[in-house]
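Remarks on the overall topology
Residues per chain are reported as follows:
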Amino acid sequence: MKRVFALALAVLLALSLTACQDEKSVMGSLEEVQTDEDGALTALVLELDEKRIGVLVAEGTSFWPLGEGSWTGEEALEAFRRDLQPGNELSACCYSRKEKLETAEGESIPAYWGQSISISGILKRNVLVLRDGTAADVMENGSHGNNRTYRLPDGTELLRVNDSGGPEYHYVGGVESFDDLSEAAKEKVRAYYENQGPLYDEGEELEKSYAAYRELGEAFAYDWLQQDTSPCASNERVMYFLTSLTLPQERGGRIVYEVRLGAAFHRETGEKIDNWDLFAVPEAEVRRRFPELCGWVDEPELQKAMGEALDPDWFVFSPEHVSVDFPPGSLPGEENGYGISLRYKDAPEGFFLPWAVPQEPVT
């Protein structure tokens, strides 16, 4: 009998452990904070898509404020509670068993016990005023406001901006990183991209998104801006970087296009190298021959237009090839842009300077 009981207990324990591993994700804007008579946090009410859901606080629940600080224990709870303001965005990892929670208004809503609860966005109201006098709010989703969403007071999202920083924050598989530069080069490369700053006018982009919203109404979907810089190739002498800029192409429809800009730096000194100086032939010959050598374009008129439109900043050096993306509107008859590339091994001898050709991908 004892053996049967022990077996049954083991099965129950196994089932219990399996159930504890089941998790439910809960997220939404903060609507209500509940505490006990001593002021201890007991529950949170979140709203998403006009539905309310509760997150119950247990003794072992962990809390994560927004930011990069290494919060622990009471310090984490204190920082977390400072940001428990209505409208802020929260996300929680919860146990899957459903409970019930009564709101301050007496409504009974589904609720789950929280394993961990984090602040994922801070709402700042009336941050700016649009040209027609309409106030706009900002939801900051990054510790330094680098990820943010502009929206109207009713919650309508107009524009999301993701500025994920300079090359020191990005690592690419198979490519050396910013960390592999000399200290002198790091300072110069960092300063170059800090001085470059955003390659868009954020205020103007927001006005365009707002104008599209007023025209499209409920059919409008938020626009999106993003800019980041990452390493893309290197060799013993040079390190190459790619700045990728994502811009709206069709307002309110989430159709975007990407501008890709390449830059080369001496990896020991950090001096920037002009992209034309990476070729062994004159600029005029590069403009004439590059579109032809890529082998993708047969029309002589389009080849000529590419050569004339070619901006040296559009050269992006990768470990195996160099590419050029022509943005929408830069070529006649190509509304959506056009991309071409040339593998180093397919280029004629003497087209690239030997020291400019990147090394093979790092394994």
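Before any of the text, the structure's been laid out above.
In this report, the structure presented in the accompanying data block is examined.

Calculation rules
- Residues numbered from 1 in each chain as written.
- Predicted model: local features only at pLDDT ≥ 70, side-chain atom pairs only at ≥ 80, totals over all residues.
- Heavy atoms only, no water.
- Helix = DSSP H or I, 4+ residues; strand = E, 2+ residues; numbered from the N terminus.
- Rg over C-alpha atoms; globule rule 2.2 N^0.38 Å.
- Contact = heavy atoms within 4.5 Å.
- Areas by Shrake-Rupley, 256 points an atom, 1.4 Å probe, with all protein chains shown as cover.
- Lys, Arg positive; Asp, Glu negative; His and termini not counted.
- Charge placed at Lys NZ, Arg CZ, Asp CG, Glu CD.
- Core = buried A, V, L, I, M, F, W, Y, C linked by side-chain atoms within 4.5 Å.
- Buried < 20%, exposed > 50% of the residue type's maximum accessible area, 1.4 Å probe, protein only.
- Expected span 1.5 Å × (residues − 1).
- Arc of directions from axis to C-beta.
- Phe/Tyr/Trp six-rings, centres within 6.5 Å; stacked < 30°, edge-to-face > 60°.
- Lys NZ or Arg CZ within 6 Å of the ring centre and 35° of its normal.

**Some remarks on the overall build of the protein chain**
The helix and strand inventory of the protein chain stands at 6 helices and 17 strands. Computed over its C-alpha atoms, the radius of gyration of the protein chain comes to 27 Å, more than 25% above the 21 Å expected for a compact globule of 363 residues. Taking the principal axes of its C-alpha atoms as reference, the protein chain extends roughly 85 × 65 × 40 Å. A sequence separation of at least 24 residues applies to 58% of the contacts in the protein chain between residues at least 6 apart. Roughly 19,900 Å² of accessible area belongs to the protein chain as shown, and the carbon and sulfur atoms make up 49% of that amount. Here the protein chain holds 33 positive side-chain charges and 66 negative ones, and the gap between their average locations is 3 Å.

**Some details on the nonpolar core**
If you look at the biggest cluster of nonpolar residues, it comprises 51 residues, and the most contacted ones within it are Tyr240, Phe290, Phe315, Phe317 and Phe352. Element by element, the count of residues in this core is highest for strand S12 (residues 238-250), at 5 residues. With sequence-adjacent residues up to four places away left out, Tyr240 is seen in contact with Ser230, Pro231, Cys232, Ala233, Ser234, Ala263, Ala264, Leu278, Phe317, Ala356 and Pro358. With 18 residues, the next largest nonpolar core counts Leu30, Leu44, Val55 and Phe63 among its residues.

**Points about the side chain of Asn88**
Tracing the backbone shows Asn88 in the loop between helix H2 (73-82) and strand S5 (89-95). Using a relative accessible area of 2% as the deciding quantity, one classes Asn88 as buried.

**Considering helix H3 (residues 183-196)**
Over its 14 residues, H3 extends 20 Å from the first C-alpha to the last, a length consistent with the 20 Å expected when each residue adds 1.5 Å. Considered for burial, the residues of H3 that qualify are Ala185, Lys186, Val189 and Tyr193. In a view along the axis of H3, the buried residues occupy a sector of 100°, so they form one face of it. Across from the buried face of H3, at angles greater than 90 degrees, the exposed residues are Glu183, Glu194 and Asn195. Following H3 by one or two positions, Gly197 adopts a phi angle in the positive range, close to 60°.

**Things to note about the packing of aromatic side chains**
Under the counting rule described, the total for this entry stands at 19 aromatic pairs. Geometrically, the ring pair formed by Tyr192 and Tyr193 is edge-to-face, given 5.0 Å between the ring centres and 90° between the ring planes. The exposure class of Tyr192 is partly exposed, given its relative accessible area of 30%. Among the residues examined, Tyr193 registers a relative accessible area of 9% and is labelled buried. A network of ring pairs unites the aromatic residues Tyr240, Trp276, Phe279, Phe290, Phe315, Phe317, Tyr344, Phe351 and Phe352 as a single cluster. Across from the ring centre of Tyr222, 3.9 Å away, lies the NZ or CZ of Arg160, which sits over that ring. Positioned over the ring face of Trp355 is Arg237, at 4.1 Å from the centre of the ring.

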